[in-house]
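# Overview (structure and organization)
One letter stands for each residue in the lines below.
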Amino acid sequence: MKLGVCYYPEHWPESDWAEDARMMREAGLTHVRIGEFAWARIEPCRGEFDWGWLDRIIDLLHAAGLEVTLGTPTATPPKWLIDAHPDILPRDEHGHPRRFGSRRHYCFSSRTYRAESSRIVEELARRYGEHPGVTMWQTDNEYGHHGSDESFSSDAVEAFRGWLAARYTDIQSLNMAWGTVFWSQTYNGFDEIDPPGATVTEANPSHRLDWRRFCSDQMCSFNQAQVDIIRRYSPGRPVTHNFIGDFFRLDHRDISRSLDIASWDSYPIGLLSESQAPKEHKARWLRSGDPDFAAFNHDVFRACAPRWAVMEQQPGPVNWATYNAAPAPGMVRLWTWEAFAHGADFVSYFRWRQAPFAQEQMHAGLLAPDRPPQPVQEEIRQVGHDAAQIPALKQSRADVAILLDYPSAWQHEIQPQGNLRGPLEPTRAVYTACRRLGLNVDFVFDDSDMDGYKLILLPSVPVISDAAWNNLKSSGATVFATALTGSRTIDGRIPDGLAPGPLRPDLGLRVEQLESLPSFEKCSVRIEDKNYGSGRWHETITTDAEVRARFSDGSAAWVRSGRFQYLVCWPEEDLMRELLERLCRETSIQCRDVGPDLRLRRAGDLTFAFNYGPDALDLSQIGAPADSGGYKIGSRHLAPYSLAAWNAGL
Ligand code: GAL
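Just so you know, these numbers come straight off a predicted model, no measurement behind them.

Here we come to the site of the ligand. Every residue near the ligand is listed here: Phe37, Arg103, Asn141, Glu142, His145, Asp265, Tyr267, Glu312, Trp320, Phe350, Glu360 and His363. Interatomic distance of 2.9 Å between a side-chain N/O atom of Asn141 and an oxygen atom of the ligand. A distance of 2.7 Å separates an oxygen atom of the ligand from a polar atom in the side chain of His363. Across the complex, the protein chains shield 97% of the 310 Å² of accessible surface that the ligand would expose by itself.

What follows deals with unusual backbone geometry. Backbone geometry follows two general trends: most residues other than glycine have a negative phi, and most peptide bonds adopt the trans configuration. Of note, the amide linkage connecting Phe350 to Arg351 takes the cis form, showing an omega dihedral of 10°. Checked against the element boundaries, Arg351 lands in the loop between β8 (346–349) and α14 (376–387). Of note, the bond from Ala499 into Pro500 is cis; its omega dihedral lies within 30 degrees of zero at 5°. Non-glycine residue Asp140 carries a positive phi angle of around 50°. Within the secondary structure, Asp140 sits in the loop between β4 (134–138) and α6 (154–168). With relative accessibility at 0%, the residue Asp140 sits in the buried group. The residue Ser184 is not glycine, and still its phi comes out positive at about 55°. Along the chain, Ser184 falls in the loop between α7 (171–178) and α8 (205–233). For Ser184, a relative accessible area of 71% puts it in the exposed group.

What follows deals with the sheet that holds strand β20 (residues 598–603). By definition, the strands of a sheet pair up through backbone hydrogen bonds, in either a parallel or an antiparallel sense. With antiparallel pairing, the four strands of this open sheet are ordered in space as β20-β21-β25-β23. At either margin of the open sheet sits one strand with a lone partner, and together these are β20 and β23 (631–633). Taking the axes of each pair of neighbouring strands and ignoring which way they run, one obtains an average angle of 25° across the sheet. As defined by bridge partners, β23 adjoins strand β25 (residues 643–647) across two bridges and the pair is classed as antiparallel. Bridge pairing in β25 places Ile633 opposite Ala645.

Along its sequence, the protein chain is organised into domain 1 (2–150 + 237–387), domain 2 (400–586) and domain 3 (598–647). The gap between the C-alpha centroids of domain 2 and domain 3 is 33 Å. With seven residues of domain 2 in contact, the opposing surface of domain 3 contributes four residues. Buried area between domain 2 and domain 3, both sides added, is near 570 Å², and the carbon and sulfur share of it is 30%. A per-residue breakdown of the area domain 2 buries against domain 3 is headed by Arg435, Gly438 and Asn440, which together make up 78% of the total. Our count for the domain 2 to domain 3 interface comes out at zero salt bridges. On inspection of domain 2 and its partner domain 3, the count reaches two residue pairs in polar contact (both at pLDDT 80 or more). Ranked by the residues each element gives to the side of domain 2 that touches domain 3, the list is headed by helix α16 (residues 425–436), at three residues.

Let us now look at the sheet that holds strand β5 (residues 239–244). The sheet built from eight strands closes into a barrel, its strands ordered β1-β2-β3-β4-β5-β6-β7-β8 with parallel pairing. Averaged over all adjacent pairs, the angle separating strand axes in this sheet is 30°, with direction ignored. Across four bridges, the pairing between strand β3 (residues 67–71) and β4 is parallel. Paired with Leu70 across the two strands is Trp137, which belongs to β4. The sheet contacts of helix α13 (residues 331–341) involve β1 (2–6), β7 (307–313) and β8, and relative to β8 the element is tilted by about 150°.

What follows covers the packing of aromatic side chains. Summed over all chains, the structure comprises 39 aromatic pairs. Measuring from centroid to centroid gives 6.0 Å for Trp12 and Phe357, while their planes differ by 50°, and the two rings are tilted. Here Phe357 lies in the loop between β8 and α14 and Trp12 lies in the loop between β1 and α1 (17–26), a separation of 345 residues in the sequence. Look at Tyr113 and Phe222: their rings are 6.1 Å apart centre to centre, the planes differ by 15°, and that puts the pair in the stacked class. Residue Tyr113 is located in helix α5 (residues 111–128), and its partner Phe222 is located in helix α8; the two are separated by 109 residues in the primary sequence. You can call Phe222 buried: its relative accessible area is 2%. Grouping aromatic residues by their ring pairs yields a cluster made of Phe248, Phe296, Tyr406, Trp410, Tyr431, Phe443 and Phe445. If you follow Arg353 out to its NZ or CZ, it ends over the ring of Trp12, 3.9 Å from the centre.

Thresholds, definitions, all that
- Residues numbered from 1 in each chain as written.
- Predicted model: local features only at pLDDT ≥ 70, side-chain atom pairs only at ≥ 80, totals over all residues.
- Heavy atoms only, no water.
- Near = heavy atom within 4 Å.
- Polar contact = N/O pair within 3.5 Å; in protein donor to acceptor, adjacent residues only side chain to side chain.
- Areas by Shrake-Rupley, 256 points an atom, 1.4 Å probe, with all protein chains shown as cover.
- Helix = DSSP H or I, 4+ residues; strand = E, 2+ residues; numbered from the N terminus.
- Buried < 20%, exposed > 50% of the residue type's maximum accessible area, 1.4 Å probe, protein only.
- Pairing = 2+ DSSP bridges.
- Axes fitted to C-alpha atoms, helices over the stretch in contact; angles between N-to-C directions.
- Domains from an automatic or database assignment.
- Contact = heavy atoms within 4.5 Å.
- Buried area = accessible area lost by both parts, 1.4 Å probe.
- Salt bridge = Lys/Arg side-chain N within 4 Å of Asp/Glu carboxyl O.
- Phe/Tyr/Trp six-rings, centres within 6.5 Å; stacked < 30°, edge-to-face > 60°.
- Lys NZ or Arg CZ within 6 Å of the ring centre and 35° of its normal.

Shown next, in the form of structure tokens:
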């Protein structure tokens with residue numbers, strides 16, 4: 001449970017540094033991330049290095065007892081480098097270069113940039129790899145942010161063709177997989193294929209799916225090259241990358257194989273403002289963020305690597321959303337503890353001092369632009385005091401898991417069949433429904449060990465690989481899937497024998513037709529003598545499985561065959577909760593509705609409660625101790641935007 005901060009010494013006079021370090025210690029911080037945008041200060045001209053300032057700040061932080069995470073500066077190639085090698089710039093789908101003057105202005109496939117990235121990382125790693133103050137490395141900054149996951153440069157085209165040739169070996173296999181006979185798209189060789197951009201109408205979906213895979217792979221191999229160099233010069237020091245929250249074009253699981261710690265950047269208020277959530281939702285959690293946003297990402301990154309962390313935590317209003325509300329007092333402490341309760345190694349705040357210049361002038365820091373500490377530092381100190389009451393937190397396998405599959409997210413983006421609020425909307429909705437029932441949730445990937453789960457949920461996951469299905473089958477868990485699951489092969493085609501693809505034989509059902517419906521068209525599902533809402537997707541099936549619930553017209557809505565269950569529509573909130581409660585009862589999982597604002601997390605013997613809402617809550621109503629003696633943090637009277645922790649379960 002370590003606390004850190006992101007610091008830009010190059011933004012401030014050197015005479016401020018010692019006092020900054022002293023104030024960081026005083027605030028209870030032990031870790032400082034530096035360097036990730038400082039290439040132009042490290043190497044002002046090609047081959048001329050100015051190491052002096054970096055040597056001095058690392059020495060100074062180390063002497064002050066602060067551990068340094070050193071970022072490789074490759075998210076911001078300097079102007080002299082771009083001018084010498086304009087082929088580094090990423091190109092949009094029309095082939096126009098994106099320009100210098102912000103950040104992330106490089107193409108992952110640029111051969112020049114790969115060489116330059118390795119060169120600067122090697123210089124840095126050689127110089128600081130064994131420095132006792134540098135205890136962790138961060139590669140680059142937020143791969144893929146600002147649309148930088150895609151580039152249509154000539155190097156990218158060539159790399160994509162090579163990637164396709166390696167995947168398909170011969171062009172006929174690619175033509176078959178993509179169905180290029182449709183609209184005369186047949187290719188005679190890999191060198192005829194372009195990335196799927198700027199087409200007159202939609203490009204071939206299988207082509208797009210492979211493009212997503214390729215772009216993700218390019219980010220992975222770019223990262224791997226940096227990690228290899230760092231490990232050579234800095235053995236034994238963990239390497240991390242700070243992923244963007246809520247961004248699923250990069251297969252985090254895949255890239256995390258090369259990392260020791262998967263870290264992510266948590267901006268709950270900014271991202272809620274930018275999301276497509278309804279107005280009432282945005283209003284309710286304007287100053288606290290969606291109650292499941294941070295936890296969702298925590299649980300994703302927890303599943304990706306043996307260790308995970310929050311590298312950037314929003315400490316006040318940000319600058320980049322349309323509206324930038326300030327967090328309610330208490331939220332920074334709450335977010336910090338929620339991360340620890342989910343198993344974070346550390347939480348680091350972005351940023352130390354607000355910059356009175358350039359792009360992020362309106363982004364809060366822990367210090368005002370003219371230096372006085374911001375009141376949020378009190379919350380951070382409070383985290384330190386709380387921590388004295390809390391033993392090392394243990395994480396254990398949850399009863400419930402959700403299958404997270406990146407190609408499926410890409411498939412939803414490519415052919416959404418309806419108005420999805422982002423490719424992971426079904427996954428998020430199921431996650432929220434579980435959390436509303438007070439459950440701990442794990443994410444699993446297709447190749448994860450799934451043994452020991454009681455219930456595994458497949459929230460409209462179109463691509464079910466053979467590996468996923470074999471693991472699901474051997475897990476012993478009850479498996480519950482919703483419409484569209486198994487509706488595509490890994491190539492993005494309708495499976496032979498139709499949906500739900502590999503689930504078909506075990507479930508004993510076949511989807512004959514799928515319709516997608518606007519939000520004003522609802523179908524009601526009857527369970528016992530009550531009707532529940534469903535919409536968006538509605539499948540007509542033939543089945544010999546047991547029908548557990550029907551639509552009002554008598555057709556099958558929910559079926560079961562042994563351990564496998566399938567819902568042929570998308571459940572509205574009431575139906576989702578009813579189904580989950582039933583599934584929990586049937587699989588002996590304890591749950592209860594904790595309401596819209598309260599969220600729980602069990603870590604070892606401790607239960608944490610987080611109040612994301614504006615009203616005080618009485619925790620004794622959910623079975624928490626009534627007397628204050630049982631609490632490590634807080635009491636049963638849970639103030640708005642506050643937390644409590646006590647021994648023993650729900
Ligand atoms: C992150 C980024 C930081 C900073 C921050 C502002 O996406 O990694 O460098 O820009 O946003 O909120």
